[in-house]
Amino acid sequence: MAEIGRIAEVAGYLWEKGWAERNGGNISVNVTGLMTDEEKALPAIGSPIILPEPMTALGGHIFFVTGTGKRMRYICQEPFGNGSLIRISPDGTFFEIIATQPILPTSELPSHLLMHNYLRASGKDNKVVLHTHSTDLIGLTHCKPFLDSEYITRLLWSMIPECRIIVPRGIGIVPYEIPGTLELARATIKQLENHDVVFWEKHGILAVGNDLIECFDAIDILSKSAQIYFSARMAGYESEGMTSGQLDDLVEAFNL
Ligand code: 13P
Ligand code: ZN
């Protein structure tokens, strides 16, 4: 499946970027539409695993998910040795691992599935959830004024025109929650009403979308904006940033 190659490619980028220390970050991709009926009916490996709440919009869907505790640098080399395919039960109450080894999904699975479920239930054909530990963006979330969605969106947009174009719905902010919890998942879902990228305070970044490379690109351009901002501060001046007029012109020019 070409999509698995794409997941390996992005896992490699996350490691090369320095965003994936040890097992930091995780990926889930809805691959249902890429599988034959025979593949979809593969026998389960191991026992069913009950979901924390029913994912009714995901009944029968199949996801590639990175394994908990697995390193992106190894997911890149061997996706099926460090991740697995899971199939959600028809009623959305449990899942089974169907290929290729009994590798337990990421601890952030509640977040990932709740988001996939929410987005599908809202009529969106969302396929990807990508979570990573981008150093510069996490750094921003350690400073109170940056924990304001409007403020941080405006600041990062104004560093380079592409940021406004590639992340048109801006950034949602989720105050600190313990990683892997349903509280974190629920707080994130609220932000997805208005945003495709969310910052988890003092923890990491999450992007949703149809295409894994596009999710990566969104985080990458935000990281670049943060670097432009920080490099100016380190050189002893404050970035001027694009003006409101310049940002508004992009909306018209690119139909945002
Ligand atoms: P997992 O190894 O369980 O995917 O956890 C990594 C992580 O980034 C938790 O937020
Ligand atoms: Zn994390």
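Residues numbered from 1 in each chain as written. Chains lettered and ligands numbered in written order. Predicted model: local features only at pLDDT ≥ 70, side-chain atom pairs only at ≥ 80, totals over all residues. Heavy atoms only, no water.

Enquirer: Can you lay out the site of ligand 1 for me, pointing to particular residues and giving the numbers?
Expert: Around ligand 1, the neighbouring residues are N23, G24, G25, N26, T68, G69, T106, S107, E108, H131, H133 and H203. Here G69 contributes a backbone N or O atom positioned 2.7 Å from an oxygen atom of ligand 1. One of the side-chain N or O atoms of H133 is found 3.0 Å from an oxygen atom in ligand 1. Out of a free accessible area of 300 Å², ligand 1 has 93% covered by protein chains. For the shell around ligand 1, the class distribution of residues is no nonpolar, 11 polar and one charged. (Near = heavy atom within 4 Å. Polar contact = N/O pair within 3.5 Å; in protein donor to acceptor, adjacent residues only side chain to side chain. Areas by Shrake-Rupley, 256 points an atom, 1.4 Å probe, with all protein chains shown as cover. Nonpolar A, V, L, I, M, F, W, Y, C, P; charged D, E, K, R; others polar.)

Enquirer: Any details on the environment of V198? Residues and values, ideally.
Expert: For V198, the position within the fold is in strand β8 (residues 197-200). For the pair V198 and S84, spaced 114 residues apart in sequence, the C-alpha to C-alpha distance is 25 Å. Ignoring anything within four residues of it in the chain, the contact list for V198 reads G172, V174, T188, Q191, L192, G204, I205 and L206. (Helix = DSSP H or I, 4+ residues; strand = E, 2+ residues; numbered from the N terminus. Contact = heavy atoms within 4.5 Å.)

Enquirer: Describe the coordination of the zinc ion (ligand 2), and please don't skip the residues or the numbers.
Expert: Octahedral metal centres with six donors ideally show angles of 90 or 180 degrees, and tetrahedral centres with four donors ideally show 109.5 degrees. Every protein donor of the zinc ion (ligand 2) is listed here as H131 (NE2), H133 (NE2) and H203 (NE2), and their distances to the metal cover 2.1 Å. Sequence spacing of the donors to the zinc ion (ligand 2): H-x1-H-x69-H. Here the residue H133 occupies a position in the loop between β6 (128-132) and α5 (135-140), and H203 occupies one in the loop between β8 and β9 (204-209), the gap between them amounting to 70 residues. By relative accessible area, H133 is classed as buried at 15%. Owing to a relative accessible area of 10%, H203 belongs among the buried residues under this scheme. (Donors = N, O, S within 2.8 Å, 3.2 Å for Na, K, Ca; no water. Buried < 20%, exposed > 50% of the residue type's maximum accessible area, 1.4 Å probe, protein only.)

Enquirer: For the pattern of salt bridges, give the residues involved together with the corresponding values.
Expert: According to the stated counting rule, one finds 10 salt bridges in the structure shown. Note that D37 is salt-bridged to K40, the shortest N-O span being 3.8 Å. Here D37 pairs with K40, and both are found in helix α2 (residues 37-40), just three residues apart, close to one helical turn. Taking the relative accessible area as the measure of exposure, D37 reaches 62% and is therefore exposed. Relative accessible area serves as the criterion here: at 29%, K40 is assigned to the partly exposed category. (Salt bridge = Lys/Arg side-chain N within 4 Å of Asp/Glu carboxyl O.)

Enquirer: Outline the packing of helix α1 (residues 2-17) against helix α9 (residues 212-234), listing residues and values.
Expert: Contact geometry for α1 and α9: axes closest at 10 Å, N-to-C directions at 15°. In terms of orientation, α1 lies roughly parallel with respect to α9. α1 and α9 meet at a crossing whose hand is left-handed. Here E3, R6, I7, E9, V10, Y13, L14 and K17 of α1 come into contact with α9, specifically with L212, I213, F216 and D220. Its residues assigned to classes, the contact of α1 with α9 shows seven nonpolar, no polar and five charged. (Axes fitted to C-alpha atoms, helices over the stretch in contact; angles between N-to-C directions. Parallel < 35°, antiparallel > 145°, perpendicular 65-115°, else oblique. Left-handed = near helix turned anticlockwise from the far one by under 90°.)

Enquirer: Describe α1, with residues and values.
Expert: Between its terminal C-alpha atoms α1 stretches 23 Å, which fits the 22 Å expected from 16 residues at 1.5 Å a residue. Of all the positions in α1, only I4, I7, A8, V10, A11, G12 and L14 are classed as buried. At its buried positions, α1 is contacted by β1 (26-30), β3 (62-66), α3 (72-77), β6 and α9. Just beyond α1, the residue with positive phi is G18, at close to 80°. (Expected span 1.5 Å × (residues − 1).)

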